[in-house]
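Analysis of the macromolecular model
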Amino acid sequence: MEQYYPYIKSLHLIFIITWFAGLFYIVRLFVYQIEATQKPSPDKQILGEQLKIMASRLWNIITWPSMILALFFGIWLIYMRLFFLSDAWMQVKLAFVVILIIYHFKCHQIFKQLQKGVVKHSSNYMRLFNEIPTIILFAVVFLVILKSAVNWIYGTVGIIVFAILLMMGYKIYKRIREK
């Protein structure tokens, strides 16, 4: 079984990448769907229908299967290396994974609303919402690569500073877009 570890790890990483790609892109499609509802007819209907099809294919064919497979191979990896569960970095990583799963289900809720034509959020809200997986991605990559070499104080401060920089970048982008 041990000889399969690198293959299982590779599959886990591949599906993590496709899961994140799906999460990043689905929220961009949410932005476009919301903005399409503010356009005049017939643009509103034509864009709305096309974006619903695109979102449905992305969500059901790429993002959901990627999450399921990433979690499946991740659980398999943990089973093969149970001793990692006692490491602080793994516990923190798994906490971020839980947050990512919650984010995924929130995206699913928004996806279903938009498929029905129900808009509960602004496009600006969605742009900010799209930064959550970016923060999680950075945190998890640094946790996995640095493992216990990371100083938790610096790591926490680093993630907070990174989040602040993302928000500042968003505000600058918003000002540029509004001009």
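Everything here concerns the structure above.
Residues numbered from 1 in each chain as written. Predicted model: local features only at pLDDT ≥ 70, side-chain atom pairs only at ≥ 80, totals over all residues. Heavy atoms only, no water.

1. Quick look at the overall build of the chain
A tally of regular secondary structure across the chain gives six helices and zero strands. Listing each helix as α and each strand as β along the chain from the N terminus yields α-α-α-α-α-α. Expressed as lengths along the three principal axes of its C-alpha atoms, the size of the chain is roughly 60 × 35 × 20 Å. When each of the 179 residues of the chain is scored for burial, the buried share is 35%. Just so you have it, the chain exposes about 10900 Å², and 71% of that area is on carbon and sulfur atoms. Where the 19 positive side-chain charges of the chain centre and where its 7 negative ones centre are 4 Å apart. (Helix = DSSP H or I, 4+ residues; strand = E, 2+ residues; numbered from the N terminus. Buried < 20%, exposed > 50% of the residue type's maximum accessible area, 1.4 Å probe, protein only. Areas by Shrake-Rupley, 256 points an atom, 1.4 Å probe, with all protein chains shown as cover. Lys, Arg positive; Asp, Glu negative; His and termini not counted. Charge placed at Lys NZ, Arg CZ, Asp CG, Glu CD.)

2. Digging into unusual backbone geometry
Residue Pro 42 follows Ser 41 across a cis peptide bond; omega there is 0°. With respect to the helices, strands and loops of the structure, Pro 42 is situated in the loop between helix 1 (5-36) and helix 2 (43-80).

3. A word on the side chain of Gln 33
Looking at the secondary structure, you find Gln 33 in helix 1. In this structure, Gln 33 is in contact with Leu 51, Lys 52, Ala 55, Leu 114 and Gln 115, ignoring residues within four places of it in sequence. (Contact = heavy atoms within 4.5 Å.)

4. Regarding the layout of surface pockets
Taken as a whole, the largest pocket encloses approximately 750 Å³ of empty space. What lines the largest pocket is a set of 31 residues, among which His 12, Ile 16, Lys 93, Val 140 and Val 144 lie closest to the centre. Sorting the residues of the lining of the largest pocket by element identifies helix 1, helix 2, helix 3 (88-115) and helix 5 (132-146) as the ones contributing at least two each. Take the lining of the largest pocket: its biggest share by element is nine residues, from helix 1. (1 Å grid on protein atoms, 1.4 Å probe; cavity = no way out; pocket = protein on both sides within 12 Å on 5 of 7 lines; lining within 4 Å. Points joined across faces, edges and corners; volume = space filled by probe spheres on them.)

5. A look at a nonpolar patch on the surface
Taken together, Val 157, Ile 160, Val 161, Ile 164, Leu 165 and Met 168 make up a surface patch of nonpolar side chains, about 540 Å² in accessible area. Structurally, Met 168 can be placed in helix 6 (residues 152-178). (Patch = residues over 30% accessible without salt bridge, like charges linked within 9 Å, V, L, I, M, F, W, Y side chains within 5 Å. Salt bridge = Lys/Arg side-chain N within 4 Å of Asp/Glu carboxyl O.)

6. Side note on the side chain of Thr 63
Relative to the elements of secondary structure, Thr 63 occurs in helix 2. Once you skip the residues sitting within four places of it in the chain, Thr 63 turns out to touch Trp 19, Gly 22, Leu 23, Leu 58 and His 104.

7. Structural notes on the environment of Phe 162
Position of Phe 162 among the secondary structure elements: in helix 6. Take Phe 162: its relative accessible area is 18%, and that puts it in the buried class. Sequence separation of Phe 162 and Ala 95 is 67 residues, and the distance between their C-alpha atoms is 19 Å. The residues contacting Phe 162, other than those within four sequence positions of it, are Thr 134, Ile 135 and Phe 138.

8. Quick word on the nonpolar core
Counting 38 residues, the largest nonpolar core has Ile 26, Val 27, Phe 30, Cys 107 and Met 126 as the members making the most contacts within it. Counting only elements with at least two residues in this core, the list comes to helix 1, helix 2, helix 3, helix 4 (123-129) and helix 5. Excluding its chain neighbours within four sequence positions, the residues that come into contact with Phe 30 are Cys 107, Ile 110, Phe 111, Leu 114 and Met 126. (Core = buried A, V, L, I, M, F, W, Y, C linked by side-chain atoms within 4.5 Å.)

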